[in-house]
Amino acid sequence: MPTRARPLVAVRLIGPTATVTAHAATIAAQLTAYYGHERVTCRTSTRTAGYSGESRTYITLSRKEPR
């Protein structure tokens with residue numbers, strides 16, 4: 001089984017859902033623009049956090065796989 005390459009950047013945000021959602025969108029857009037949209041893949045994943053009304057969002061930026 002092939003191993004996945006290590007991401008270029010990994011970010012975890014935890015806090016009130018509205019705040020995390022707004023910041024995650026901004027951070028993902030800035031990172032993608034900085035590294036180049038054609039060279040990287042940006043993935044986000046959101047889950048509930050330990051407290052009511054809070055969420056965790058993970059942002060990972062990795063090099064695009066050659067096709």
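Residues numbered from 1 in each chain as written. Predicted model: local features only at pLDDT ≥ 70, side-chain atom pairs only at ≥ 80, totals over all residues. Heavy atoms only, no water.

(A) Expanded view of the environment of arginine 43. By secondary structure assignment, the location of arginine 43 is in strand E2 (residues 40-48). Expressed as a C-alpha distance, the spacing of arginine 43 and alanine 28, which sit 15 residues apart in the sequence, is 8.3 Å. (Helix = DSSP H or I, 4+ residues; strand = E, 2+ residues; numbered from the N terminus.)

(B) Quick look at the layout of surface pockets. Its boundaries defined by the atoms lining it, the largest pocket holds a volume of some 310 Å³. Arg4, Ala5, Arg6, Pro7, Thr41, Arg43, Thr60, Ser62, Arg63, Lys64 and Glu65 together form the lining of the largest pocket. Of the residues forming the lining of the largest pocket, the biggest block, 3 residues, is contributed by strand E3 (residues 54-63). For the lining of the largest pocket, the per-class residue count stands at 2 nonpolar, 3 polar and 6 charged. (1 Å grid on protein atoms, 1.4 Å probe; cavity = no way out; pocket = protein on both sides within 12 Å on 5 of 7 lines; lining within 4 Å. Points joined across faces, edges and corners; volume = space filled by probe spheres on them. Nonpolar A, V, L, I, M, F, W, Y, C, P; charged D, E, K, R; others polar.)

These values are about where atoms sit, not about what they do.
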